[in-house]
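Each chain is listed here by its residues.
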Amino acid sequence: MLNKIKTRLEALPKIYWIYLAVLIAVEVSCFALRPDEPGLYSDSQQFAPFLIALGFLFSSESRTHFRRHIYTYGILQFISLALDYTLGDDTGTGHAGLYQIATLFIPLFIFWLVLFARWNVARFREFDSRRALLLSSIAWGLFGFAFPPLPLGPAALVLLVPWFIVLNRYNRNTAIFATFWSGMVYNTINYYWIYNVMHVDSAPSGLICLGVMLLIAFFSAYSVFAAFIYTLAKNIKFGGRAWLLALYPIFYAGLEMTRTRGDFAFPWSHLGYVFGSTLELLQALSVIGIFGYTALIIASNMIVAKAIEGPWKLPANESRAKFICAKLPLAVPLLIISILLVHGSVVLSKPEAQPFYGADAPETPRMAMIQPSIEQGEKWSKARFDSITAKTFGMVNDSVQTGTDLIILAETAIPDHIRRQPATIRELHKLTERHKASILTGALDFHRNGSEKVRKYDIYNASFLFSPEDPLSYQRYIKKHLVPFSERIPFDEIFPILNYVDLGEGDFVPGKETPVYEPFKWTPFICYDAIFGDLVREAINAGSRLMVNITNDGWFGRSTAPYQHLNLVRYRAIENGMPTARLANSGVSAFIDQYGHYDLNTDIFVDAVIQRKMQLKTRDTPYQHYGDSVETALLWFFLAYVLACFGLVLINSRNKL
C-alpha cells in the first residue's frame, strides 16, 4: 500500500509540486493576514489563491490534468477555510471570508455541473437511456398528479410500475439517469407553487428561482438514492433470489422518514398522501400511519412490475394453472384498494364515526374562524397595517355569533411584532370582553439578547391567546418546526456564523414548548407544525383533545398547495384521532373531526367566517400510541438496510476476487 502511494507521488510532474508549494504559501499568507473580526468578512486578498490557480492553467500539464489541479486547489482552500472558521476568533461564532467561500465553492460547483452535463449527454446518446427516461417520466409524471386535489390517487398503486421496470431491466447508470430527470419532473409538479414567493418582496427573485431549482434537484436526489439502493439490493442474492428486495418497501418508508427529522425537515410529499380524496381509503391510517401507506404503494408497484416482466406466452411444458398463478400478483392493487375500502366503510359505519359525533355535547366549544384573505404582497406593508387589522377585527364584530368560546385569527393576522403595537393589544382585550370569548391570533414576537451574542434579537413566529378572564396579559406559543431557508437557515445553532447570513429569510428561532390550554384542553399549531405526527402525539400525551392549526397559505398563490396542506393536516387528524380546527389566512379553512370528515371548507382567496360547535377527542388510535416507536424504528431500519446493501456488495466483490 505504501509503495503504491510512493510510486504515484513520484510520478507527479515537477510543475504540480511547484503549483502545490505556491498555493500552500499563498494560503498561509492569507490566513496570517486575515482581518481580526467575528463572523463573515470581506478581504480582497483572499482572491489570491484563486488567481494563482488560474495562472497555472497556462501550463499545458495543468490543463491536461485539470481534475487534479482543481481538486488540489479545493482541498487546500477547504482546509484553510476550516482553520479560519475554528481558530479565527474567540467569540465562539466562527470566522470566515466571503471571498474565500465564493472562490472555493463556485469554481467547484461549475466544474461538477460540467461533469454532470457531460455524463448526461453521454447517457442521452444511448437508446436504452432514452427509453428508460421515457418510462420513468411517465411513471413519476403521472404520480405527481395523484395528490389531492388532483384525481389520480388510487392509481398510485400502479403508476410507478414503469419506473420499477426500468430499475429491473437496465444498468445502474441508466436507471440513475432516468430516475433523476423523472424526479425533476415529479418534484416540479409537486413544488411549482414555490415560485409564488418571487412575487413577495422578501428576497431577490433570481435568488429565489435558483433556490427553487436547487430544492427540486435536492428532492430528486432522494429518488436517485432510492434507485441506487434498489440496484444494489437486486444483485444481492441468496439461493438465486434477491431476498433484500422483499424489504425494500420498508426501506423506502424509512427514506421518507428521514425527511421528517432535523433542520432540513420538509415532509410534504410522502407517497402515501395520494389517497386523500377518498375518506374510506384513509381509515387504516389509525393503524399503519402515513409510512404504512407509502410501503403499500411501493410494494404494490414492485409486485405488479415483476408480474408484467414475466413471460406472457404459455410455455409448452407449463400448465395453464401455473401460468395463471404467476400472473395473479397483477390483482394486488385491486386487493389493497378493496381491503382499504372495506375496512374504511366498516369503521365509518359505526355510530361514533358519524360526522362530528358528539360535537353538540355541553362541554364542547363553539368556535369561529376568521379568514380575511389578505394578499401576501400587502400583508407586511406598514402603511396598510391599520387597514389590515381593522378588516380582521371588523369581521369579528360583524359575524361572530353570541355564545362563541374561541375566536381564531390566522398566522400573523397581526403583521408585526405584537409588543410594538400596544394599541392592537388593547383592542384584542376589548374584543375578548365584548364577545365574552377567548381570541387566538398569530403575530411575531422577539427577545432582546445580550450584547455579546451574535443574534441581537431572537425573533419568533408565534400565536397569542387573549382571554376575558385575564384582561392584562396573554399566553404565547412559538412555532416549533421552521421552514428551511424560508424561516431559518438550517444548522445555525451548530454553526453560529450562519446567523450573519441574510438571504431574505425570516431568521426565526424555534419554540420548545407544547401548551395545552383550558378550559377544554386544546393546543395551537402554527403552519406546518401540524403535519409532524410526533408534535401531535406530544400534545395528546400532554392531555390535549383538540388541535387548532393557524396558517398563512397566501404564499402559495392560486395553486394546488393550499389543498395539499389541508390534506396533510387531515392525515394527522385521522392517524391520531385528533379533531382539528384549521384556519388559513387565504384558505382553505375547515373543521376536521377525528375520523377526517370535513365541514364548512372555504374557497381560497375569499373573505369568510366559519363557525360551529367543535368535537373534542374521544377516540384512541393504535398509531397514536406506537407511532413514535414505529417512526424511530423506520429510521434505524433505513440505516441498517443501507449498511447491509453496501456491506454485502463489498463481501460479494471480495469473494469474486
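Remember, predicted model here, so these are calculated numbers, not experimental data. (Residues numbered from 1 in each chain as written. Predicted model: local features only at pLDDT ≥ 70, side-chain atom pairs only at ≥ 80, totals over all residues. Heavy atoms only, no water.)

Draft legend 1. Expanded view of the overall build of the protein. Broken down by element type, the protein carries 21 helices and 14 strands. Compactness check: the protein gives a C-alpha radius of gyration of 29 Å against a globular reference of 26 Å for 657 residues, within 12% of the reference. Expressed along its principal axes, the backbone C-alpha trace of the protein runs to roughly 90 × 85 × 35 Å. Among the 657 residues that make up the protein, the fraction classed as buried is 52%. Counting only contacts in the protein whose residues sit at least 6 apart along the sequence, the fraction spanning at least 24 positions is 72%. A total accessible area of about 30100 Å² is found for the protein, and carbon and sulfur atoms account for 64% of it. Here the protein contributes 59 positive and 54 negative side-chain charges, whose respective centroids are spaced 12 Å apart. (Helix = DSSP H or I, 4+ residues; strand = E, 2+ residues; numbered from the N terminus. Rg over C-alpha atoms; globule rule 2.2 N^0.38 Å. Buried < 20%, exposed > 50% of the residue type's maximum accessible area, 1.4 Å probe, protein only. Contact = heavy atoms within 4.5 Å. Areas by Shrake-Rupley, 256 points an atom, 1.4 Å probe, with all protein chains shown as cover. Lys, Arg positive; Asp, Glu negative; His and termini not counted. Charge placed at Lys NZ, Arg CZ, Asp CG, Glu CD.)

Draft legend 2. Region of the structure containing the nonpolar core. With 130 residues, the main nonpolar core has Phe-143, Trp-163, Phe-164, Tyr-248, Phe-275 and Ile-408 as its most contacted residues. With 12 residues, helix 11 (residues 205-233) is the single largest residue contributor to this core. With sequence-adjacent residues up to four places away left out, Ile-408 is seen in contact with Met-367, Ala-368, Met-369, Ile-370, Leu-440, Val-548, Ile-550, Ala-581 and Leu-583. By size, the runner-up hydrophobic cluster in this structure holds 24 residues, among which are Ile-407, Leu-431, Ala-462 and Phe-464. (Core = buried A, V, L, I, M, F, W, Y, C linked by side-chain atoms within 4.5 Å.)

Draft legend 3. Local environment of the pattern of salt bridges. Under the definition given, this model contains 16 salt bridges. Across the pair Arg-131 and Asp-128 runs a salt bridge, and its minimum N-O distance is 3.3 Å. Within this pair, Arg-131 and its partner Asp-128 are both found in helix 7 (residues 127-143), separated by three residues, close to a single helical turn. Glu-518 is the salt-bridge partner of Lys-521, the closest N and O atoms lying 3.1 Å from each other. The network of salt bridges with common partners includes Arg-419, Asp-445 and Arg-476. (Salt bridge = Lys/Arg side-chain N within 4 Å of Asp/Glu carboxyl O.)

Draft legend 4. Expanded view of unusual backbone geometry. Geometrically, the link from Pro-148 to Pro-149 is a cis peptide bond, its omega value of 10° lying close to zero. You can see Pro-149 is positioned in the loop between helix 7 and helix 8 (156-159). A positive phi angle, near 55°, is found at Phe-356, a position not held by glycine. Mapped onto the fold, Phe-356 is located in the loop between helix 15 (332-348) and strand 3 (366-371). Using a relative accessible area of 7% as the deciding quantity, one classes Phe-356 as buried.

Draft legend 5. Spotlight on helix 5 (residues 66-87). Taking 1.5 Å of rise per residue, 22 residues should cover 32 Å, and helix 5 covers 31 Å from first to last C-alpha, within 8% of that figure. The inward-facing, buried residues of helix 5 contact helix 2 (14-32), strand 1 (39-41), helix 3 (48-55), helix 4 (60-64), strand 2 (95-97) and helix 6 (98-124). (Expected span 1.5 Å × (residues − 1).)

Draft legend 6. Representation of the pairing of strand 14 (residues 608-613) within the structure. Across the six residues that make up strand 14, a large majority, five, are buried. Bridge analysis of strand 3 against strand 14 gives six bridges, and the strand direction is antiparallel. What sits directly across from Met-367, in strand 14, is Arg-612. (Pairing = 2+ DSSP bridges.)

Draft legend 7. Structural context of the environment of Phe-145. One can find Phe-145 in the loop between helix 7 and helix 8. It is 45 Å that separates the C-alpha atoms of Phe-145 and Gln-77, two residues lying 68 residues apart in sequence. The residues touching Phe-145, leaving out its near neighbours within four places in the chain, are Leu-150, Pro-151, Leu-152 and Ile-189.

Draft legend 8. Focus on the packing of helix 12 (residues 248-257) against helix 13 (residues 285-309). Orientation of helix 12 relative to helix 13, taken along the N-to-C sense of each, is 140°, at an axis distance of 8 Å. As summarised for this structure, helix 12 and helix 13 are arranged oblique, according to the angle between their axes. As helix 12 runs across helix 13, the sense of the crossing is right-handed. Between helix 12, through Tyr-248, Pro-249, Tyr-252, Ala-253, Glu-256 and Met-257, and helix 13, the contact on the second element is made entirely by Phe-291, Thr-294, Ala-295, Ile-298, Ala-299 and Met-302. Considering only residue class, the contact of helix 12 with helix 13 consists of 10 nonpolar, one polar and one charged. (Axes fitted to C-alpha atoms, helices over the stretch in contact; angles between N-to-C directions. Parallel < 35°, antiparallel > 145°, perpendicular 65-115°, else oblique. Left-handed = near helix turned anticlockwise from the far one by under 90°. Nonpolar A, V, L, I, M, F, W, Y, C, P; charged D, E, K, R; others polar.)

Draft legend 9. A look at a nonpolar patch on the surface. Residues Ile-106, Phe-109, Ile-110, Leu-113, Val-114, Leu-210, Met-213 and Leu-214 make up a contiguous nonpolar surface patch of about 740 Å² in total accessible area. Contributions of two or more residues to the nonpolar patch are made by helix 6 and helix 11. It is helix 6 that contributes the most residues to the nonpolar patch, five residues altogether. Mapped onto the secondary structure, Phe-109 falls in helix 6. (Patch = residues over 30% accessible without salt bridge, like charges linked within 9 Å, V, L, I, M, F, W, Y side chains within 5 Å.)

Draft legend 10. Representation of the sheet that holds strand 12 (residues 590-592). Taken in spatial order, the five strands of this open sheet run 9-10-11-12-13, and their pairing is mixed. Bordering the open sheet on either side are strand 9 (523-526) and strand 13 (598-599), each of which pairs with just one other strand. With two bridges joining them, strand 12 and strand 13 adopt antiparallel strand pairing. Bridge pairing links Phe-591 to Asp-599 in strand 13. Strands strand 10 (547-551), strand 11 (580-584), strand 12 and strand 13 of the sheet are contacted by helix 20 (residues 561-576), whose axis makes an angle of about 165° with strand 11.

Draft legend 11. The arrangement of the packing of aromatic side chains in detail. Per the stated rule, a full pass over the model turns up 49 aromatic pairs. Centroid distance Trp-140 to Trp-163: 5.2 Å. Interplanar angle 70°. Geometry classified as edge-to-face. Taken together, the residues Trp-140 in helix 7 and Trp-163 in helix 9 (residues 161-169) connect sequence positions 23 residues apart. The residues Trp-140 and Trp-163 share a single accessibility class, namely buried. Centre to centre, the rings of Phe-520 and Trp-522 are 6.2 Å apart; their planes meet at 25°, and the pair counts as stacked. Across the pair, Trp-522 and Phe-520 agree in class, each one buried. Note that Arg-259 overlies the ring of Tyr-222, its terminal NZ or CZ placed 5.3 Å from the centroid. The aromatic ring of Phe-356 is capped on one face by Arg-612, whose charged end is 4.1 Å from the ring centroid. (Phe/Tyr/Trp six-rings, centres within 6.5 Å; stacked < 30°, edge-to-face > 60°. Lys NZ or Arg CZ within 6 Å of the ring centre and 35° of its normal.)

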